[in-house]
Amino acid sequence: MTLLRGRDALRAEVKFTGDRRSCGRGTDILSAGGLLYIPRGAARDMGDGKVADTTVWTRAYLMDQLRTAVLNPIQAFRLQYLPLLMVYFAYGALGLVSVAESYWIKKNLTLSPAELASLSVWLTLPWTIKMVFGELVDAVPVFGSQRRAYVLIGGTFIASGLLILAGAAGEWLTFTTPENLYRIGSFLSIVGVVLQDVTADAMSTEVVARTNPDCSDRPKSEINRDLGMVQVLGRLALSLGAFAVAGTAGWLASIYSYQTVFLMGLIIPVISITGAMLVKLDKIERRPVDWRILGGGIAFGAVVAALAYAEFPGNQEIVFIVSMAVVIAMLVRVVGDLDEATKRKIFYAALIIFIFRAAPSVGSGYTWFTIDVLGFDEAFQGTLNQIGTALALLGTWLFSDAITRRPVTQVLMWVTIATGILSLPSLGLTLGLSDWTEHTFGFGARTIAIVDTAASSPFVQLSMIPLLTLCAIYAPEGRRASWFALMASLMNLALVAAALQTKYLNMIFVVDRGSYGQLPELLMTAMAIGVVAPIAAILFFGPKIDGGRASLKKPAV
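Everything numeric here is computed off the predicted structure, so don't read it as measured data.

## Section: the layout of surface pockets
Picture a little ball the size of a water molecule; that probe, rolled over the atoms, points out where space is still empty. The volume enclosed by the second largest pocket comes to roughly 850 Å³. If you trace the second largest pocket, you find 30 residues lining it, with Leu119, Trp122, Arg183, Ala308 and Tyr309 closest to the centre. When contributions to the lining of the second largest pocket are tallied by element, the ones reaching two or more residues are helix H4 (113–128), helix H7 (178–204), helix H11 (291–310) and helix H12 (315–334). Per-element tally for the lining of the second largest pocket: the top contributor is H4, with 8 residues. The class makeup of the residues in the lining of the second largest pocket is 18 nonpolar, 7 polar and 5 charged.

## Concerning the pattern of salt bridges
On inspection of all chains with the given rule, the structure shows 3 salt bridges. Between Asp372 and Lys106 there is a salt bridge; the shortest N-O distance is 3.0 Å. Highlighted residues: Asp372 in helix H14 (residues 364–372) and Lys106 in helix H3 (residues 98–108), separated in sequence by 266 residues. Glu317 serves as the salt-bridge partner of Lys503, at 3.5 Å between the closest nitrogen and oxygen. In this pair, Lys503 is assigned in helix H22 (residues 480–508) and Glu317 in helix H12, connecting sequence segments 186 residues apart. Judged by relative accessible area, Lys503 falls into the buried class, the value being 11%.

## Description of the nonpolar core
Residues Trp104, Met131, Tyr182, Phe320, Phe354, Leu490 and Leu519 are the most contacted members of the largest nonpolar core, which totals 109 residues. Examining the composition of this core, we find that 12 residues originate from one element, H22, more than from any other. Tyr182 has contacts with Glu101, Trp104, Ile105, Leu109, Leu111, Leu116, Leu119 and Leu165, leaving out every residue within four places of it along the chain. Counting 21 residues, the second-largest nonpolar core is a separate cluster that includes Leu85, Ile223, Ala237 and Val279.

Scoring rules and cut-offs
Residues numbered from 1 in each chain as written. Predicted model: local features only at pLDDT ≥ 70, side-chain atom pairs only at ≥ 80, totals over all residues. Heavy atoms only, no water. 1 Å grid on protein atoms, 1.4 Å probe; cavity = no way out; pocket = protein on both sides within 12 Å on 5 of 7 lines; lining within 4 Å. Points joined across faces, edges and corners; volume = space filled by probe spheres on them. Helix = DSSP H or I, 4+ residues; strand = E, 2+ residues; numbered from the N terminus. Nonpolar A, V, L, I, M, F, W, Y, C, P; charged D, E, K, R; others polar. Salt bridge = Lys/Arg side-chain N within 4 Å of Asp/Glu carboxyl O. Buried < 20%, exposed > 50% of the residue type's maximum accessible area, 1.4 Å probe, protein only. Core = buried A, V, L, I, M, F, W, Y, C linked by side-chain atoms within 4.5 Å. Contact = heavy atoms within 4.5 Å.

Structural data, given as structure tokens:
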């Protein structure tokens, strides 16, 4: 693999690697960054049999890297992946109703930002009990199907939720208040999405062929490479679905009733169900039901439902603590057969990503501020979404190869820093920055919002790729759905932690319709937590991955 050329050097970086190995005209060294070819004379003796490799950045090298980044997802695509990618595409395309939902809540419901943040805790909880769905998908066939039937059931839940939202918006469902109808419809949709997501995650390890056309076994390195790239393609399909509907979502919400937009959303579950009917999978392992996982998960779900119905102070915090204990216990059981080094790598990587994903958000108050004060209407919100999803798709596409080669800690460190810096324009808007820029430079809030969205969007999906690749590589045979479900449950518990923090911040800094005086303080506090906590976790836990050299390398070919 030739990555370095000796002449016409534009820039050189010296990095310490492993033992010196001479090989004819050049030196091949397997370093922390991957397999590098170092031309003769580029390797410098460091003593004790060690060398320093000189990475020479030439025009040809940079063009080769760009070409690899652009072509990598295309070359990784296989026709047998397409039906699976339709399921991920449909998940992203649910954004078709997002603008209508946001504006309907703002205009027609009475929920405050703090109440919406509290509701988001409950709506995130189905993601934290994915182990129940995972065990069902792994061990309980429905009419002989362990995959397709569950996508169909999930699509039915999504369609039911959208119908309830349409009925609430159109006022032809009146058996309870619109706020309760919103809660019911959102919950059903979330359950459907979770079930489809669990099934798609399991299928993502089964669409990869383990044998060649002549029935001989494929090399493990090739299988691992394909498993990682299926995760990348899944993120791309999800981003493509979001991009495909982002602008349309705002346009539809601006010219049609919210009821009509919710009804239009029924096309989304049709797409996912169609993909499930067409998918062809590698052999699916059958096994008995593990009642310690399924029964424990069902009991856990019942406890969560009872606590949610009770509505006593602190019930969400109790649910969070119980959820963490249950998920960690089940995860320890599932990974019990893995070697200690692998378990250590997964533990510290998951811990860092958990803290990264647990960063609080501002809540609905900022969106309402952009509507009431900055005058962002549905159509412009759709434009922002279109820009954001387009650049998130482009960023995932171009950086997918580089991200799968880099350490988890390195990826998340740069994403954290970049996200913090790119949040500053939003803070500026709450402080009246747009008035000054419009007076001084002739552009106002909409231009700032567009630039901010364009700059920050590529980081949306990138942080998940390393963990998804790691999960795919180490998914235990016969427990793939349960494995993905438990890892996802842990990561989604981080979102519960984020939602709880968002609720607390909105209780401290009160923001409501037309009352945005404390919004800057709310935004600054959320930004500070979102930057300081992940960086501290990376610096403290990062060196513990792989015994001090934190890495999640792309499988060597």
